[in-house]
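These are the residues of each chain, in order.
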Amino acid sequence: MGDASGEVAITDEEPKVGVYVCECGINISATVDVERVAELAKTLPNVEVSRFYKYMCSDPGQQLIKNDIKEHNLTHVVVASCSPRMHEPTFKACIEEAGLNSYCFEMANIREQCSWVHKDKDMATMKAYSLVAAAVARASLLEPLEKMKISVTPTALVIGAGIAGIQAALDIADTGYKTYLVERTPSVGGRMAQLDKTFPTLDCSACILTPKMVDVARHPNIELLTYSEVTDIDGYVGNYKVKVKKKARSVDETKCTGCGVCTENCPVLLQPQIYERPKEAPEVRERENVDELISKHSHYEAPLVQILLDVNEKFRYLPKDVLEYLSFKLDIPLSVIYRVATFYKSLSLVPRGHFHIKVCLGTACHVRGARKIVDAVRSNIADTEEGLFSLERVNCLGACAIGPTLVVNDDYHGNMSISKVGELLTSLETEYNETKEEVVEE
Amino acid sequence: MTDGHDPLIVAFCCNWCSYAGADLAGMSRTQYPTNVRIIRVMCSGMVHPNLVIDAFTKGADGVLICGCHPGDCHYIEGNLRTEKRADAIELMLEDFGLEPERFRLEWISASEGQRFAEVVNEMVEQLRMLGPNPYQT
């Protein structure tokens with residue numbers, strides 16, 4: 001550090017701090033006795049010189065600091081004045097001109113955070129003094145730092161070549177920057193390519209989109225990566241490292257003219273899968289039970305929801321084989337069953353725990369700390385037996401008065417706290433283990 | 001300051017939002033008691049729970065951490081970390097036998113000078129009722 005253009009080398013010697021208290025006209029001096037602060041600061045450890053002045057940021061004020069740095073060989077400077085958001089750069093430049101490292105500087109904010117917010121002069125003066133003392137203590141520990149310049153890669157990456165991505169890439173590329181445009185599917189265009197008209201003017205969608213698709217492909221600053229996916233992003237602003245996985249296209253892109261002969265000669269034929277109703281009933285778990293559930297509701301015209309609710313209660317979710325069997329038995333397409341199954345919140349396609357916990361995140365519960373309850377439940381159930389607990393976040397349980405609320409299976413628990421969650425879950429776990437043991441004993 | 005106890009609050013304010021918010025309180029001449037000492041940190045997320053406990057064991061009556069509102073963090077998710085740390089701090093206070101009201105986490109944006117003053121006022125009042133920090137010698 002010492003060899004950099006005449007800067008003073010910092011040695012292991014005791015720091016010598018200069019303290020400068022600013023009056024800021026009457027802005028500070030009206031409520032803070034600056035003379036007293038400067039006087040008191042002289043008694044602080046490491047303080048070599050302490051002064052006050054009408055306007056520290058003015059040229060004569062800055063000159064005062066520069067002269068002292070030379071005369072007293074100051075190593076650190078503390079200015080007590082306005083907010084560092086205002087004049088920190090000014091004073092940093094000032095001490096740098098006098099040969100100090102600009103990071104050996106500390107500011108005590110005695111205007112915005114002292115004189116302007118207080119009226120009692122004695123109290124404000126003492127607070128200003130303690131702020132100065134803190135700044136001196138910190139300044140004594142400051143070490144010279146060096147500014148670093150890091151080069152950036154002037155390149156942009158746009159992920160997704162729908163109309164928004166295409167336009168973004170074109171705009172960036174037009175300003176002269178190299179742009180990578182990554183698209184997951186084999187072609188650019190996205191949703192807009194599937195539309196006929198655009199809302200609300202009912203313009204021809206393709207007439208807007210296709211010229212841009214061509215522009216994007218031909219732009220010298222755009223590198224188009226179709227049929228590719230971003231797999232990893234690393235680095236920081238200005239220097240990102242992105243991994244893009246280019247999927248196999250089995251065509252040499254540089255040679256392809258788009259003649260289409262390869263499609264005619266392609267040996268692979270893909271056809272959409274059409275679901276056929278099986279001729280015989282498929283394999284299913286607990287067939288008698290499921291049959292009973294179905295027959296229970298056969299007097300209804302649309303018994304599906306009822307049946308699904310019962311299935312969900314019995315197995316704690318909707319197993320795939322049961323849904324397939326229902327589809328066969330009720331002669332309802334599987335897609336319709338899935339539509340119903342995914343519509344209702346109380347139906348689940350994945351197994352729920354023996355104890356299914358719903359935590360309410362409605363506004364009333366939220367303001368009483370529902371998020372902490374979610375975190376508490378999550379961390380409490382993390383190490384428990386698989387399938388014992390499951391957690392769901394819901395938007396209102398209709399029990400705002402006793403929030404934060406959670407529901408275990410059908411039991412409501414109100415006024416929850418982090419410790420109560422722990423107690424509740426432990427008691428549930430013990431209860432479960434006891435019943436399990438009883439079963440084993442029988 | 002009629003009663004004997006005059007609490008001391010250490011406030012860690014993030015450089016980007018809350019410190020500027022406290023500056024705004026000054027610029028708008030919003031008055032608050034002299035009991036607070038603001039320490040500027042680059043992000044509220046860098047305030048380690050140990051720093052807070054240090055402040056208490058060295059005699060602060062209250063500690064306030066102020067950061068940007070969630071979603072506004074200059075470092076994207078620094079303040080979310082603060083939130084997690086605040087939970088840890090609350091648990092630590094319990095262990096140290098200190099009242100939870102002695103610690104506060106507040107989101108204060110650069111435009112909420114008034115809010116900063118309110119928080120300080122509330123906290124000073126509350127700490128007066130609680131009395132001095134038992135770690136004070």
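Small disclaimer: the values here were computed from a predicted structure and weren't measured.

**Quick look at the overall build of chain A**
- For chain A, the count of helices and strands is 15 helices and 15 strands.
- Evaluated residue by residue, chain A yields a buried proportion of 38% over its 442 residues.
- Accessible surface computed for chain A: about 26,800 Å², of which carbon and sulfur atoms make up 53%.

**A look at a nonpolar patch on the surface**
All names here are of chain A.
- Among the surface-exposed residues, Leu-157, Ile-159, Ile-233, Val-237, Tyr-240, Val-242 and Val-244 lie close enough to one another that they form a single nonpolar patch of about 630 Å² accessible area.
- It is strand 11 (residues 239-246) that contributes the most residues to the nonpolar patch, three residues altogether.
- Relative to the helices and strands, Leu-157 resides in strand 5 (residues 155-159).
- Residue classification places Leu-157 among the partly exposed residues on the basis of a relative accessible area of 32%.

**With respect to the interface of chain A and chain B**
- Residue-level contacts link 19 residues of chain A with 24 residues of chain B.
- Summing both sides of the interface, chain A and chain B together bury roughly 1,800 Å²; the carbon and sulfur share of this comes to 48%.
- Per-residue buried area on chain A facing chain B is highest for A:Arg85, A:Gln113 and A:Trp116; these three make up 32% of the total on that side.
- Here A:Glu88 ties to B:Arg40 by a salt bridge, and the two come within 3.2 Å at their closest N and O atoms.
- At the level of secondary structure, the elements contributing two or more residues to the side of chain A that touches chain B comprise helix 3 (84-97), helix 4 (111-115), helix 5 (121-139) and helix 14 (370-381) of chain A.
- If one sorts the elements of the side of chain A that touches chain B by residue count, helix 5 of chain A sits on top with five residues.

**Considerations on the packing of aromatic side chains**
- Taken as a whole, this structure holds seven aromatic pairs over all chains when the rule is applied.
- Each ring, one from B:Trp16 and one from B:Tyr75, has its centre 6.4 Å from the other, and the planes form 75 degrees; the classification is edge-to-face. One end of the pair, B:Trp16, is in the loop between strand 1 (9-14) and helix 1 (18-27); the other, B:Tyr75, is in the loop between strand 3 (62-67) and helix 3 (78-96), with 59 residues separating them in the sequence.
- The exposure class of B:Tyr75 is partly exposed, given its relative accessible area of 38%.
- The interplanar angle of 75 degrees and the centroid separation of 5.5 Å between the aromatic rings of B:Tyr32 and B:Phe116 together place this pair among those described as edge-to-face. Linking B:Tyr32 in the loop between helix 1 and strand 2 (36-41) with B:Phe116 in helix 4 (residues 113-130), this pair joins segments that are 84 residues apart in sequence.
- Its relative accessible area of 0% is what places B:Phe116 among the buried residues.
- Linked through ring pairs, A:Phe355, A:Phe389 and A:Tyr432 together constitute an aromatic cluster.
- Over the aromatic face of A:Phe315 sits the side chain of A:Arg285, whose NZ or CZ is 5.6 Å from the ring centroid.

Conventions used here
- Within each chain, residues carry numbers counting from 1 in the order of the written sequence.
- To label them, take the chains in the order written and letter them from A, then take the ligands in the order written and number them from 1.
- In view of the model being predicted, local features appear only for residues whose pLDDT reaches at least 70, and side-chain atom pairs are presented and counted only at 80 or more, with totals across whole chains, interfaces and linings using the full set of residues.
- In computing side-chain values, all of the structure's heavy atoms are included and hydrogens and water are not.
- Helix and strand definitions here come from DSSP, where helices need a minimum of 4 consecutive H or I residues and strands a minimum of 2 consecutive E residues; each element is numbered from the N-terminal end.
- Note on exposure labels: buried denotes an accessible area under 20% of the residue type's maximum, exposed denotes more than 50%, and partly exposed covers the range between, all computed with a 1.4 Å probe on protein chains only.
- For the accessible areas, the method is Shrake-Rupley and the probe is 1.4 Å, while residue cover comes only from the protein chains on display.
- Within the patch definition used here, like charges are joined within 9 Å and nonpolar side chains (Val, Leu, Ile, Met, Phe, Trp, Tyr) within 5 Å, considering only residues with over 30% relative accessible area and no salt bridge.
- Whenever a carboxyl oxygen of Asp or Glu lies within 4 Å of a side-chain nitrogen of Lys or Arg, that contact is scored as a salt bridge.
- Throughout, a contact is declared for two residues whenever any of their heavy atoms are within 4.5 Å.
- A 1.4 Å probe defines the accessible area here, and the buried area is the portion of it lost by two parts on being joined, summed over both.
- Centre distance within 6.5 Å is the pairing criterion for rings of Phe, Tyr and Trp, where only the six-membered ring of Trp is used; planes under 30 degrees apart are then read as stacked, over 60 as edge-to-face, and the remainder as tilted.
- Sitting over a ring, as applied to charges here, requires NZ of Lys or CZ of Arg to be within 6 Å of the ring centre and within 35 degrees of the ring normal.

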